[in-house]
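Structure assessment
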2 protein chains.
Amino acid sequence: MIKVITSKDNQRIKFAASLKENKYRKIHKMYLAETKKSLEMAISAQVVKEVFTLEYLDIPEDIPQYLVSEEVIKKLSSNVNPEGVVFIAEMKEIEVNNPNKILYLEEITDPGNMGTIIRTALAFSYDLVLLSDNCVSIYNEKVINSSKGAIFMMPIKKGKIQDYQKDHKVIVSTLAKDSISLEEVKAPEKFILVLGNESRGVSSEISKLADIKVKILINNIDSLNVSVAGGILMNKIH
Amino acid sequence: MIKVITSKDNQRIKFAASLKENKYRKIHKMYLAETKKSLEMAISAQVVKEVFTLEYLDIPEDIPQYLVSEEVIKKLSSNVNPEGVVFIAEMKEIEVNNPNKILYLEEITDPGNMGTIIRTALAFSYDLVLLSDNCVSIYNEKVINSSKGAIFMMPIKKGKIQDYQKDHKVIVSTLAKDSISLEEVKAPEKFILVLGNESRGVSSEISKLADIKVKILINNIDSLNVSVAGGILMNKIH
């Protein structure tokens, strides 16, 4: 279905724009995403509800496609220079049975970090991203943007390390003195890798659960950005 | 020297606020930075001109220190939740002779990436960050913030790979088919590691200069974020 909408006061556009707010995302269980590349991945994941685009797109016919003005795209996009494709996706938990490789995120609050970490976890074939309470919402538009479509493919849910600890080794990234160097770590078959909050690192409650404490050897500065540290760890442990 | 300023229309505050614009940063060769941790590093680097703070700070007496209101800090800060310390730093190129380990950045445009990459280069003891034309300004406040103080310690300048190619191996990160896996790379004594633009990667002109082409083995998704890729590469090659 293809329709043309020119007014940014159109009801469909108003509905779409409302999804910029967490409140309405929660009510409708839908969220906004953008770019052609992400749309491709979202179509594969069967979560696309409606597409708003500057130019006709060759996508399955059952997905409503609205040709819109630049003004409308600017209203819906969260980028300064929008690519010209914005779409509504539905929230859908991706099921995973018996995940072997789990990434646990404790209170990651920066949306750019959250999206980048999800993208990296997908790239290193992690089976599940497990979120503590107080992480930023994964449907925040900056998370969606920086995940580069990984959000549509990666199983992600809230949960506790304790639910998996019986048969998974817990690997905590921490600068504690008794941490071993990353070079010495060999990935167990089943494990949970833990990354901590941007300012405070991993809490002492979670550190206590560690079977292996690991650190990246750095100089001159206290710490790495958590997405960078996560990338270095996941590249070795996966 | 300690003074109290309560009005955000004070001349010192107006001058400081003007440094939020690139134009005035260039004219005055100064820029804004914030947080106590960064201030510490900037003091070591001897680049601090003036400090604006909510509470008295124990810093060298020759640095002018202004006790200001929250309103003033909000005006000067680029963070949503400012920590309460903003300062003016002077642009000063950090000299380096015969750098062995050089990171070359080709058209990195996202300020968050730029700052994070500089932080990572410092953490892995790189000697120099070399910038192509069209990189984002390193004095952009988001670059300064995400560098977490690394900006005050890391030698950074604009330049060309060709200036170093005589005795440095050029290592290019690219997904080209003839790239070898990162695991196979051994860091040469003198090298230039190249990271490319966020969307386009490394240009063909620069790729041609490569002595070694390297890729990180990933699945499910086309690419990693450039800061994450940079971190993984620098962790192995340094």
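Our focus in this paragraph is the interface of chain B and chain A. Each partner contributes to the interface: chain B provides 30 residues, whereas chain A provides 30 residues. Around 2200 Å² of area is buried between chain B and chain A when both sides are counted, 57% of it from carbon and sulfur atoms. When residues of chain B are sorted by the area they lose upon contact with chain A, B:Arg119, B:Asn220 and B:Ile221 head the list and together hold 25% of the total. Connecting chain B to chain A are two salt bridges. The closest approach of N and O atoms between B:Lys37 and A:Asp222, which form a salt bridge, is 3.4 Å. Applying the counting rule to chain B against chain A returns 12 residue pairs in polar contact (both at pLDDT 80 or more). Among the elements of the structure, helix H3 (36-44), helix H5 (111-123) and helix H8 (226-236) of chain B are those that each provide at least two residues to the side of chain B that touches chain A. Considering only residue class, the side of chain B that touches chain A consists of 14 nonpolar, 11 polar and five charged.

So, on to the confidence of the model for chain A. Mean pLDDT over chain A works out to 95, with 100% of the residues at or above the 70 mark. Under the prediction, the complex receives an ipTM of 0.93, its pTM being 0.94.

For B:Lys37, the location among the structural elements is in helix H3. B:Lys37 sits 119 residues away from B:Ile156 along the chain, and the two C-alpha atoms are 20 Å apart.

What follows concerns the environment of A:Leu175. All names here are of chain A. Structurally, the position occupied by Leu-175 is in the loop between strand E9 (169-173) and strand E10 (180-181). Along the backbone, Leu-175 and Pro-111 are 64 residues apart, and their C-alpha atoms lie at a distance of 24 Å. If we ignore the near neighbours within four places in the chain, the residues touching Leu-175 are Lys-215, Ile-216 and Asp-222.

This brings us to the sheet that holds strand E1 (residues 2-5) of chain A. All names here are of chain A. Pairing in this open sheet of five strands is mixed, and the strands run E1-E4-E3-E5-E2 from one edge to the other. The sheet is open, and its two borders are formed by E1 and strand E2 (30-34), each paired with just one other strand. Averaged over neighbouring strand pairs, the angle between their axes works out to 25 degrees when direction is ignored. Most of the contacts of helix H1 (residues 11-18) go to strand E3 (residues 48-53), to which it runs at about 110 degrees, and overall it touches E1, E2, E3, strand E4 (65-68) and strand E5 (85-90).

This part covers empty space enclosed by the protein. All names here are of chain A. Taken as a whole, this structure holds two cavities of 30 Å³ or more when the rule is applied. Reported here for the largest cavity is a volume of approximately 50 Å³. Along the walls of the largest cavity sit Leu-32, Ala-33, Glu-34, Leu-76, Ser-78, Val-86, Glu-141, Ile-144 and Asn-145, which together make up its complete lining. Where the lining of the largest cavity is concerned, the elements lending two or more residues are E2 and helix H6 (141-147). Split by residue class, the lining of the largest cavity holds five nonpolar, two polar and two charged.

All names here are of chain B. Bridge count for strand E1 (residues 2-5) against strand E4 (residues 65-68) is four bridges, and the pairing is parallel. Within E4, the position partnered with Ile-5 by the bridge is Val-68. Here three bridges tie strand E3 (residues 48-53) to E4, and the two strands are oriented parallel to one another. Bridge assignment links Val-51 to a residue of E4, and that residue is Gln-65.

Next up on the list: the side chain of A:Asn235. Within the element layout of this structure, A:Asn235 appears in helix H8 (residues 226-236). On the basis of relative accessible area, A:Asn235 is assigned to the buried category, the value being 17%. If we skip the residues at most four places from it in the chain, A:Asn235 touches A:Phe124, B:Leu182, B:Glu183, B:Ile216 and B:Ile232.

Residue and element names in this part refer to chain A. Remark: helix H5 (residues 111-123) packs on H8, axes separated minimally by 9 Å, with the N-to-C direction vectors making an angle of 10 degrees. When the axis of H5 is compared with that of H8, the two are roughly parallel. Between H5 and H8, the residues in contact are Asn-113, Thr-116, Ile-117, Thr-120 and Ala-121 and Val-226, Ser-227, Gly-231 and Met-234, respectively.

Right, let's talk about the layout of surface pockets for a bit. Residues and elements named next belong to chain B. Size it by volume and the second largest pocket reaches roughly 550 Å³. Contributing to the lining of the second largest pocket are 24 residues, with Met-91, Glu-93, Ile-138, Tyr-139 and Ile-156 lying nearest its centre. For the lining of the second largest pocket, the elements supplying multiple residues, two or more each, are helix H2 (22-28) and strand E8 (156-158). Here the lining of the second largest pocket is built from residues that sort into 15 nonpolar, two polar and seven charged. Taken together, domain 1 (2-90) and domain 2 (101-236) each give at least three residues to the lining of the second largest pocket, which thus spans both.

If you check which residues of helix H1 (residues 11-18) of chain B are buried, you get B:Ile13, B:Phe15, B:Ala16, B:Ala17 and B:Ser18. For H1(B), the N-terminal cap is B:Asn10; the gap from its side-chain oxygen to the backbone nitrogen of B:Arg12 is 2.6 Å.

The subject of this paragraph is the domain arrangement of chain A. Reports often express the size of an interface as the amount of accessible area lost when the parts come together. Residue and element names in this part refer to chain A. Splitting chain A by domain gives domain 1 (2-90) and domain 2 (101-236). Centre-to-centre, using C-alpha coordinates, domain 1 lies 31 Å away from domain 2. With 16 residues of domain 1 at the contact, the number on the domain 2 side is 12 residues. Across the interface of domain 1 and domain 2, roughly 1100 Å² is buried in total on both sides, 59% from carbon and sulfur atoms. Three residues, Arg-25, Tyr-31 and Met-41, lead the burial of domain 1 against domain 2; their summed loss comes to 46% of the area buried on that side. Across the contact surface, domain 1 and domain 2 share three residue pairs in polar contact (both at pLDDT 80 or more).

What follows concerns unusual backbone geometry. Positive phi outside glycine occurs at A:Lys29, with the angle close to 55 degrees. Mapped onto the secondary structure, A:Lys29 falls in the loop between helix H2 (22-28) and E2.

We now examine the relation of the copies chain B and chain A. Relative to chain A, chain B is turned by 180 degrees and slid 0.0 Å along the rotation axis, the superposed coordinates differing by an RMSD of 0.0 Å. Seen this way, the second copy is the image of the first under a two-fold rotation axis. By residue overlap, the copies meet face to face through one surface: 100% of the interface positions of chain B are interface positions in chain A.

Criteria and cut-off values
Residues numbered from 1 in each chain as written. Chains lettered and ligands numbered in written order. Predicted model: local features only at pLDDT ≥ 70, side-chain atom pairs only at ≥ 80, totals over all residues. Heavy atoms only, no water. Contact = heavy atoms within 4.5 Å. Buried area = accessible area lost by both parts, 1.4 Å probe. Salt bridge = Lys/Arg side-chain N within 4 Å of Asp/Glu carboxyl O. Polar contact = N/O pair within 3.5 Å; in protein donor to acceptor, adjacent residues only side chain to side chain. Helix = DSSP H or I, 4+ residues; strand = E, 2+ residues; numbered from the N terminus. Nonpolar A, V, L, I, M, F, W, Y, C, P; charged D, E, K, R; others polar. pLDDT = per-residue confidence, 0-100. Pairing = 2+ DSSP bridges. Axes fitted to C-alpha atoms, helices over the stretch in contact; angles between N-to-C directions. 1 Å grid on protein atoms, 1.4 Å probe; cavity = no way out; pocket = protein on both sides within 12 Å on 5 of 7 lines; lining within 4 Å. Points joined across faces, edges and corners; volume = space filled by probe spheres on them. Buried < 20%, exposed > 50% of the residue type's maximum accessible area, 1.4 Å probe, protein only. Parallel < 35°, antiparallel > 145°, perpendicular 65-115°, else oblique. Domains from an automatic or database assignment. Least-squares fit on C-alpha atoms with pLDDT ≥ 70 in both.

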